[in-house]
Amino acid sequence: MADARPILFFDSGVGGLSVVAPTRALLPRAPVVYAADSAGFPYGTRSEGEIAARVPALLGRLVERYRPRLVVIACNTASTIALAPVRAALDVPVVGTVPAIKPAAALSTTRVIGVLGTGATVRQPYVDDLAARFASDCTVVRHGSAALVEMAEAALAGTAPLSGAVARELDGLFAQERGDRIDVIVNACTHFPLLEAELRAVAPRVRFIDGGPGIARRVAHLTEAQDWPDAPGPARLVFTHLGDRERGIARALAARGFADPEQL
């Protein structure tokens, strides 16, 4: 029999869908469980201590219930804070999500790059280390935006953001010293690629990159030569809180091949 163990994707909300999409494109037969910590959303405004305690505990429960072959923490904030304790706690491979500073530096001609994430992500020492290792000859301008996270969640449920609201968040980068020279922006939150059209409309001369395709390639590499079901069925959708907001998101995701929502 084919191996029916799923890939488990985890995020605070729907941002991880920007990682699920390229992974499913590479591995169309892979069973998927997508888990959103809606009871803890949003992570970007929580303390490091809260996230470091919450994420390993939740992933332990999810792994026990769904028995995945691999876990993807499809959240920059959770990965930059809790990746090491999660790997220590689980006995399955864990892939994290970190800001794509290395490819951004390779692409930049002005040598000024922006890092757009949550407040919790952009202040992490992990980001300092990535900038020092891979963008030492660049000016790295950072801005944390909780508003864009909320806009991405609302957009998935059918409420498009106002262009002026998106522009105000990008001004958090462009208004800083040397911000007018930014030519590449790292979407350091998995929610932000869900607003790619709106971001590009505001800043058409800037290149936006994210880690989704790279994570998909990593997952494909780690599962190379493994068996997959011939027909994996709908992706499973799990929330830690299941209310009207989450049911609205689930209705939107039904068109993307997701099953009715479950509650952890």
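Owing to the predicted nature of the structure, the values given are computational and were not obtained by experimental measurement. (Residues numbered from 1 in each chain as written. Predicted model: local features only at pLDDT ≥ 70, side-chain atom pairs only at ≥ 80, totals over all residues. Heavy atoms only, no water.)

Colleague: Please explain the sheet that holds strand 2 (residues 32-36) as it appears in this structure.
Modeller: By way of backbone hydrogen bonds, the strands of a sheet pair with one another, either parallel or antiparallel. Read across the open sheet, the six strands follow the order 4-3-1-2-9-10; overall the sheet is parallel. Only two strands of the sheet have a single neighbouring strand rather than two, namely strand 4 (94-95) and strand 10 (262-263). (Pairing = 2+ DSSP bridges. Helix = DSSP H or I, 4+ residues; strand = E, 2+ residues; numbered from the N terminus.)

Colleague: Mind showing me how you'd approach the nonpolar core here?
Modeller: Generally speaking, a soluble globular protein has its nonpolar side chains buried in company with each other. Among the nonpolar cores identified, the biggest contains 27 residues, and Ile 7, Phe 9, Tyr 34, Val 72 and Val 219 are the most heavily contacted of them. For this core, the elements supplying multiple residues, two or more each, are strand 1 (7-11), helix 1 (17-26), strand 2, strand 3 (70-73), helix 10 (212-222), strand 9 (236-239) and helix 11 (244-254). In this structure, Ile 7 is in contact with Thr 23, Leu 27, Ala 30, Pro 31, Val 32, Val 33, Leu 70, Val 72, Val 219 and Trp 228, ignoring residues within four places of it in sequence. (Core = buried A, V, L, I, M, F, W, Y, C linked by side-chain atoms within 4.5 Å. Buried < 20%, exposed > 50% of the residue type's maximum accessible area, 1.4 Å probe, protein only. Contact = heavy atoms within 4.5 Å.)

Colleague: So what exactly am I meant to see when it comes to helix 10 here?
Modeller: Because an α-helix packs 3.6 residues into every turn, residues spaced three or four apart end up facing the same way. Taken together, the buried positions of helix 10 are occupied by Gly 212, Ile 215, Ala 216 and Val 219. The buried side chains of helix 10 occupy one side of the element, clustering within an arc of 105 degrees when seen end-on. (Arc of directions from axis to C-beta.)

Colleague: Could you clarify how one ought to interpret the pattern of salt bridges in this entry?
Modeller: Oppositely charged side chains may form a pair once their charged atoms are brought near each other. Taken as a whole, this structure holds 13 salt bridges when the rule is applied. The residue Glu 48 makes a salt bridge to Arg 123 at a minimum N-O spacing of 2.8 Å. One end of the pair, Glu 48, is in helix 2 (residues 48-66); the other, Arg 123, is in the loop between helix 5 (119-122) and helix 6 (125-134), and 75 residues separate them in sequence. By relative accessible area, Arg 123 is classed as partly exposed at 45%. Measuring nitrogen to oxygen at the nearest pair gives 2.7 Å for the salt bridge that ties Glu 196 to Arg 200. Of the two residues, Glu 196 and Arg 200 both sit in helix 9 (residues 196-202), four residues apart, roughly one turn of that helix. Exposure remark for Arg 200: the relative accessible area of 32% places this residue in the partly exposed category. When salt bridges with common partners are traced through the structure, they connect Asp 3, Arg 5 and Arg 69 into a single cluster. (Salt bridge = Lys/Arg side-chain N within 4 Å of Asp/Glu carboxyl O.)

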